[in-house]
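# Chains, contacts and geometry: an overview
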Amino acid sequence: MKGEKKNALHKKWLKDYLRQLAICFAVIVVLFVFFDYICSRKIWYKEDPLYQLLNFIDMNKSTICLLLILICAVFISAYNFRKIFSGIRQIIEAVDNLYAESDEEIVLPSQFGELENSMNQIRINARENRQAAREANQRKNDMIMYMAHDLKTPLTSVIGYLSLLCQEPDIPEKSREKYMNIALKKAQRLEELINEFFDITRFNFTHMILEKSNVNLSVMVRQMISEFSPQFGTKGLTVSEDIEDGIYLVCDVDKMERVFDNLFRNIVNYSYENTEIDLKLRKMRTGSVQLITQNKGKTIPREMQEHIFEQFFRLDSSRSSGTGGAGLGLAVTKEIVTLHGGTVICESENEWIRFTVTIPSSFKKS
């Protein structure tokens, strides 16, 4: 592509140069014809002041014409080289300001039109990338701040209840058991949050490597639903499953389990209580495997649907520690699915949330 643009630019310059020479040649020829016509309408004598000059010109028409063309070619070349060198200086200045914060467009001489368009596109892409990086960094900083607060809350509870147990040895057994259970739950929540911090580190500084094997996906999904039954039950969620038997998939089993884990956790976090979850697993005619989850919950605005798979993005603006985690789950899900050659999309309307995961059943990593 770069070579094609370079050749196109050379051809354009050469075409412009030849066109200018052709125009110059045409003008010279027209002038000579006009001169010859004017001179032929009059009888010239040796005594006329211009006779010698006109006679010389008439005797050396070809030589004079070629000499004029050569002089024009030199001037045209000098003019074009001047324009090119001037354009190069402007290009150098534009390159220096290519990644500047200014929104002012780059303007180059007309002969560098394609280069001007390319450089302006680079500026636009760089500006969009900077904005995306700032937004991602801001989300990350906000999430770290909120998670630091979330870490402190269960830790304070654990210390408080354990201190109470140590300071009051005569607490009734029933109360002691109650306090220990509360401390345990808070400690488990603390462990979840710490694991999410490790997830942030892994997601940013390592690249996932797939360790593939052939797995019965139908059995895996049913097992994951069974493991999540207690969490579904706490919100009164029921599962309506339509799972096709005998669906096999070549994939990284551990990472694919994480895809389902993240999706199911998202369903638990953002479903209305006492509602039904629709879950379908099927093999498509194309040979791909498709998992569709649909749950009843607050409609995700279209503008948020575009960002839901980004790092550190969470739907709940209140950052409640009771719903969701670091906002990495769906981002990790998308990366895993993409590494398997598949796609994951989110759709939401009329208080329904639908995730569709599609993966080639015989995917082989190159």
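These lines cover the structure that appears in this document, whether it is placed above or below. Everything numeric here is computed off the predicted structure, so don't read it as measured data. Sequence order sets the numbering: in each chain, residues are counted from 1 along the sequence as written. For this predicted model, a pLDDT threshold of at least 70 governs which residues receive local features, and a threshold of 80 or more governs which side-chain atom pairs are given and counted, while totals over whole chains, interfaces and linings are taken from all residues. Only hydrogens and water are set aside when side-chain values are computed; all heavy atoms of the structure are taken into account.

## Here we look at the pattern of salt bridges
Here a salt bridge means any side-chain nitrogen of Lys or Arg lying within 4 Å of a carboxyl oxygen belonging to Asp or Glu. Evaluation of the coordinates by the stated rule reveals five salt bridges. A salt bridge links Arg265 to Asp261; its shortest N-O distance comes to 2.6 Å. Of this pair, Arg265 and Asp261 both sit in helix α8 (residues 253-270), four residues apart, which is roughly one turn of the helix. Here the salt bridges do not stand alone but share partners, grouping Arg222, Glu241 and Asp245 into one network. A helix here means a DSSP run of H or I that spans at least four residues, while a strand means a run of E at least two residues long, and both kinds are numbered starting from the N terminus.

## Things to note about the nonpolar core
By size, the foremost hydrophobic cluster in this structure holds 38 residues, and its most contacted members are Leu217, Met256, Phe260 and Phe264. Contributing elements (two or more residues each) for this core: α6 (217-227), β3 (248-252), α8, β4 (276-283), β5 (288-296), α10 (329-339), β6 (343-349) and β7 (352-360). Contacts were defined at the residue level, with two residues in contact if any of their heavy atoms lie within 4.5 Å. If we ignore the near neighbours within four places in the chain, the residues touching Phe264 are Met224, Ile225, Phe228, Phe232, Leu279 and Thr293. Counting six residues, the second largest nonpolar core, distinct from the first, contains Cys24, Ile28, Ile57 and Cys65. Here, nonpolar core means buried Ala, Val, Leu, Ile, Met, Phe, Trp, Tyr and Cys residues that are tied together by side-chain atoms lying within 4.5 Å of each other. Relative accessibility thresholds used throughout: buried, under 20% of the residue-type maximum; exposed, over 50%; partly exposed, between the two (1.4 Å probe, protein chains only).

## Some thoughts on the packing of α6 against α8
Following both chains from N to C, one finds α6 and α8 inclined at 45°, their axes separated by 11 Å at the closest point. For the element pair α6 / α8, the angle class is oblique. Of the two elements, α6 crosses α8, and the hand of that crossing is right-handed. Together, Leu217, Met220, Val221, Met224 and Ile225 of α6 and Val253, Met256, Glu257, Phe260, Asp261 and Phe264 of α8 make up the contact between the two elements. In this count, Pro and Cys sit with the nonpolar residues alongside Ala, Val, Leu, Ile, Met, Phe, Trp and Tyr, while Asp, Glu, Lys and Arg are called charged and the others, Gly among them, polar. Considered class by class, the residues forming the contact of α6 with α8 number nine nonpolar, no polar and two charged. Here, axes are lines fitted to C-alpha atoms. For helices the fit covers the stretch in contact, and angles between N-to-C directions go from 0 to 180 degrees. For classification purposes, an angle smaller than 35 degrees is called roughly parallel, one larger than 145 roughly antiparallel, one from 65 to 115 roughly perpendicular, and anything else oblique. Should the near helix be turned anticlockwise from the far one by less than a right angle, the crossing is left-handed, and should it be turned clockwise, the crossing is right-handed.

## Here's the deal with a nonpolar patch on the surface
A cluster of nonpolar residues, Leu67, Leu68, Leu70, Ile71, Val74 and Phe75, forms a patch on the protein surface that exposes about 580 Å² of accessible area. Along the chain, Leu68 falls in helix α3 (residues 61-96). Overall, Leu68 belongs to the partly exposed group, its relative accessible area being 34%. Patch members must show over 30% relative accessible area and no salt bridge, and they are joined within 9 Å when carrying like charges or within 5 Å when they are nonpolar side chains of Val, Leu, Ile, Met, Phe, Trp or Tyr. Note that accessible areas follow from Shrake-Rupley with a 1.4 Å probe, and for residues the cover is restricted to the protein chains shown.

## Some thoughts on the sheet that holds β6
The mixed open sheet is built from five strands, whose spatial order is β2-β4-β5-β7-β6. Every other strand in the sheet has two partners, leaving β2 (238-243) and β6 as the edge strands with one partner each. Sheet twist, expressed as the average angle between the axes of neighbouring strands with direction ignored, equals 10°. Strand pairing follows a simple DSSP-based rule, namely that at least 2 bridges must link the two strands. Bridge analysis of β6 against β7 gives seven bridges, and the strand direction is antiparallel. Bridge pairing in β7 links Glu347 to Arg354. Strand contacts of α8: β4, β5 and β7, with the helix running at about 15° to β5, the strand carrying the most contacts. Contacting β6 and β7, α10 crosses the sheet at an angle of about 25° to β7.

Everything listed is a geometric property; what it means functionally is a separate question.
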